[in-house]
Amino acid sequence: MTMKFPNSLLVLLILSILSSLSVSWATSEPVPINGFLQCLPKQFHSGHPIFEAVYTPQNTSFRSILMARIKNRRFSSPTTPKPLAIVAAKHESHVQATIVCAKQHGLQIRIRSGGHDYEGLSYVSHVPFVVLDMFHLQSVNVSVKDESAWVESGATLGKIYHKIAQKSKVHGFPAGVGPTVGAGGHFSGGGYGNLMRKYGLSIDNIVDAKLVDADGRILDRKSMGEDIFWALIGGGGGSFGVVLSWKLKLVRVPEKVTVFNVTRTLEQGVTDVLYKWQFVAPVLPKDLFLRARPEIENNTEGKKIAEVSFIGQFLGQTHELLPLMNKRFPELGLRREDCHEVSWFESVVFWAELPLGTPRSIYLNLKNKPIPFFKAKSDYVKKPIPKKVIEYMFKAMLEIGNIWMEWNPHGGRMSEISSSATPSPHRAGNLYMIQYYTSWFQDEGIEATNSYIHLTRKLHEKMTPFVSRNPREAFQNYRDLDIGANLYNQSNLLTARAYGSKYFEGNFERLVRVKTMIDPHNFFRHEQSIPPI
């Protein structure tokens, strides 16, 4: 029998008791995990036994599988709620069975692909839940003939890029620079990358998808309809169903592109250079993407210094780039020796901060870097930030210490796409988007976490007058529970509108209508999901 919680206070009480006993949702009573496990093999017989994909806390591999794709140590503590089970799906039937059985037995599911979810919503819940891990579903089938690729949600961006490069020297795909990021979450939230000024976001180049809905049906674009397909490409993961795979429209790239990374410090007048960047980067030709990365580093004497890395990619060669930069942005002082002419795939290696010349095969088995604690936030900027504010920003960053920011320019193709073409509305009118990212490795414990998060929020708050407002926009791929959250399994529409208006602006109401159509009983939900009416 499925237990029903009468109110959130009871949930809080249960959580408190479990936490004090240092246990997870591992017992068979009163949580209905046994019924869920018994249900799984009875569903969708396909010749792929599901028991080989199921792990409970009693399995010796359970902890290693859970931890393998947790990318934020804030959500790996002993008191973090753990799933009753992990279903590491190896076939679409495993996904169908997990949904049907979780629904029947009153369990929530959290859907994980790469695990880069900034707030851990893809593998943490405060009600009884199971994790549906898509990692094994990672096939990438590229067709150069029709310039497309079918990509399963568990495939990493690194694998996608590698497979494209194996088939073609003149094709690529606009997506992020993190090679271990999973396609499922990345595409669901928008997909932001260094080809966006030329080709837009990832979602602007997705033409089909296969979805498992709350009834276990597999739908493609034609059978789900245009409204549901529209919601999938940028409306956020975990609200409408489980996307098994995506069909990408590949884009054309030159055989050789030019990349560079030029760093300037405060002592070298970087405040003036960064100020000028705001006027230049968003109006450069579409073929040129120029990111500014303010950060804090330690110099050779161990002293913290503020600097900005200007990281660029030009879809062309150096002899074309230098005259353009000397005319439009001479303050940077770009030189020929700063530039590297490489293939598009080698540019992917460059952006991943791996040495040029790194063998392609490493992208199929990338080892994760040490996992930090971190907190991230985002903003959109519509008018250049004054120099005085930039000066304050550097002072605040030096106080925080372990922080960097990314200023990613818009313009180009991003300004040509309608704000309602996809759920992601951040198009014309934005100069650039800011990501704030504070990380720490050594300082364990709640006091250190609270201190770093407080300082990050303080910097974010000080930027309020100089970024978008009414609403203060945020990027869905950089999830941030500070902007609003439905806690403890609630689904309040008013609360959802608080974060929904920031991520989706006027598109939020359409997302709610789609949610009501595809999942009226709100089976797929998390703290920042789209609720039904």
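These figures come from a predicted structure and were not determined experimentally. (Residues numbered from 1 in each chain as written. Predicted model: local features only at pLDDT ≥ 70, side-chain atom pairs only at ≥ 80, totals over all residues. Heavy atoms only, no water.)

Attention shifts here to the overall build of the chain. Secondary structure assignment for the chain yields 16 helices and 18 strands. The globule rule puts the C-alpha radius of gyration for 533 residues at 24 Å, and the 23 Å found for the chain is close to it. Its C-alpha atoms give the chain principal-axis dimensions of roughly 70 × 55 × 45 Å. Residues classed as buried in the chain amount to 57% of the 533 residues present. (Helix = DSSP H or I, 4+ residues; strand = E, 2+ residues; numbered from the N terminus. Rg over C-alpha atoms; globule rule 2.2 N^0.38 Å. Buried < 20%, exposed > 50% of the residue type's maximum accessible area, 1.4 Å probe, protein only.)

Our focus in this paragraph is the packing of helix α15 (residues 493–504) against helix α16 (residues 508–518). The packing of two helices is summarised by the inter-axis angle and the distance between the axes. Across the interface, α15 lies against α16 with an axial gap of 9 Å and an inter-helix angle of 125 degrees. Comparing the axis directions of α15 and α16 gives the class oblique. In this structure, α15 uses L493, A496, R497, G500 and F504 to contact α16, whose residues at the interface are F508, E509, L511 and V512. Grouping the constituent residues of the contact of α15 with α16 by class yields six nonpolar, one polar and two charged. (Axes fitted to C-alpha atoms, helices over the stretch in contact; angles between N-to-C directions. Parallel < 35°, antiparallel > 145°, perpendicular 65-115°, else oblique. Contact = heavy atoms within 4.5 Å. Nonpolar A, V, L, I, M, F, W, Y, C, P; charged D, E, K, R; others polar.)

Right, let's get into the side chain of N205. Mapped onto the elements, N205 comes out in the loop between α7 (196–199) and β8 (206–212). The contact partners of N205, leaving out residues within four places of it in the chain, are F173, P174, Y199, G200, K247, L248, K249 and V251.

A few words on the side chain of S122. Here S122 is to be found in the loop between β3 (108–112) and β4 (129–133). Note on S122: relative accessible area 9%, which makes it buried.

The pairing of strands in a sheet happens through backbone hydrogen bonds and is either parallel or antiparallel. Taken together, the five strands give an open sheet; going across it, the order is β5-β6-β10-β8-β9, and neighbouring strands pair in antiparallel fashion. Each edge of the open sheet is held by one strand with a lone partner, namely β5 (140–143) and β9 (218–219). Inspection of the sheet shows β8 paired to strand β10 (residues 242–249) by six bridges, in the antiparallel sense. Considered in β10, the bridge of L211 is made with V243. Relative to the sheet, helix α5 (residues 157–167) contacts β5, β6 (148–152) and β10, its axis offset from that of β5 by approximately 35 degrees. (Pairing = 2+ DSSP bridges.)

All right, on to unusual backbone geometry then. Omega for the peptide link from N470 to P471 comes to 0 degrees, which places this bond in the cis form. Assignment of secondary structure puts P471 in the loop between α14 (446–462) and α15. Look at N470: it is not a glycine, yet its phi comes out positive at around 50 degrees. Unlike most non-glycine residues, N522 shows phi in positive territory, near 60 degrees. Summarising the element assignment, N522 is placed in the segment after α16.

Within strand β16 (residues 373–381), nine of the nine residues are buried, leaving the element largely enclosed by the surrounding structure. The two faces of β16 match: F373, K375, K377, D379 and V381 on one face and F374, A376, S378 and Y380 on the other face are all buried. Two strands pair when backbone bridges link them, and β16 and strand β18 (residues 432–440) are joined in this way by nine bridges, in the antiparallel orientation. By the bridge assignment, D379 is partnered in β18 with I434.

Turning our eyes to something else, we now look at the state of the cysteines. Disulfide: a covalent bond connecting the sulfur atoms of a pair of cysteines. Enumeration according to the criterion identifies one disulfide in this entry. Disulfide pairing is shown between C39 and C101; the S-S distance is 2.1 Å. In this structure the cystine formed by C39 and C101 twists about its S-S bond by roughly -80 degrees; its chirality is therefore left-handed. In this pair, C39 is assigned in helix α2 (residues 33–39) and C101 in helix α4 (residues 92–104), connecting sequence segments 62 residues apart. Side by side, C39 and C101 carry an identical accessibility label, which is buried. (Disulfide = S-S within 2.5 Å.)

A complete count under the given rule lists 22 aromatic pairs for this structure. Ring geometry for Y275 versus F279: centroids 5.2 Å apart, planes at 70 degrees, classification edge-to-face. With a gap of four residues between them, Y275 and F279 both fall in helix α10 (residues 270–280), about one helical turn apart. Exposure remark for Y275: the relative accessible area of 26% places this residue in the partly exposed category. Linked through ring pairs, Y118, Y192, F374, W404, Y437, F475 and Y478 together constitute an aromatic cluster. Against the face of W150 rests K210, its NZ or CZ located 5.4 Å from the ring centre. Over the face of the ring belonging to W230 we find R510, whose NZ or CZ atom lies 3.9 Å from the ring centre. (Phe/Tyr/Trp six-rings, centres within 6.5 Å; stacked < 30°, edge-to-face > 60°. Lys NZ or Arg CZ within 6 Å of the ring centre and 35° of its normal.)

Our next topic: the UniProt feature "domain: FAD-binding PCMH-type" (unreviewed entry) in the chain. Feature annotation in UniProt places "domain: FAD-binding PCMH-type" (unreviewed entry) on residues 79–253, given in this structure's numbering. End C-alpha atoms of residues 79–253 are separated by 48 Å, and the span's content is 26% helix alongside 25% strand. (UniProt positions renumbered as here; feature names shortened; annotations may be inferred.)

Right, let's talk about the confidence of the model for the chain for a bit. Of all residues in the chain, 94% have pLDDT values of 70 or greater, and the mean over the chain is 93. Contacts for the low-pLDDT stretch residues 1–29, under 50 throughout, to residues beyond four places or in other chains number 37 contacts. (pLDDT = per-residue confidence, 0-100.)

Now for the nonpolar core. By size, the foremost hydrophobic cluster in this structure holds 75 residues, and its most contacted members are V151, I160, F187, I206, F240, W246 and L248. Among the elements that line this core, the one with the most residues is helix α12 (residues 344–351), at six residues. When sequence neighbours within four positions are dropped, the list of residues in contact with F240 reads L211, A231, L232, G235, L511, V514, K515, I518, F524 and I530. Formed by 49 residues, the second largest nonpolar core is a distinct cluster that contains L274, A281, L322 and M463. (Core = buried A, V, L, I, M, F, W, Y, C linked by side-chain atoms within 4.5 Å.)

Scanning the entire structure with this criterion turns up 33 salt bridges. We note a salt bridge from K375 to E119, for which the minimum N-O separation is 2.7 Å. Placement of K375 in strand β16 and of E119 in the loop between β3 and β4 is noted, with a sequence separation of 256 residues between them. Residue K375 shares its accessibility class with E119, and that shared class is buried. In this structure, R293 engages E353 in a salt bridge whose closest nitrogen and oxygen atoms are separated by 3.5 Å. Of the two residues, R293 sits in strand β13 (residues 288–298) while E353 sits in the loop between α12 and β16, which places them 60 residues apart along the sequence. In this structure E353 comes out as exposed when scored by relative accessible area, which is 53%. (Salt bridge = Lys/Arg side-chain N within 4 Å of Asp/Glu carboxyl O.)

Let's shift gears to the packing of α10 against helix α13 (residues 387–400). Contact pair α10 / α13: the axes reach a minimum separation of 10 Å and the direction vectors enclose 125 degrees. Compared by their axis directions, α10 and α13 come out oblique. At the point where α10 passes α13, the crossing takes the right-handed sense. Mapping the contact onto sequence places V270, T271, D272, L274, Y275 and Q278 in α10 and K387, I390, E391, M393 and F394 in α13. Residues belonging to the contact of α10 with α13 are distributed by class as follows: six nonpolar, two polar and three charged. (Left-handed = near helix turned anticlockwise from the far one by under 90°.)

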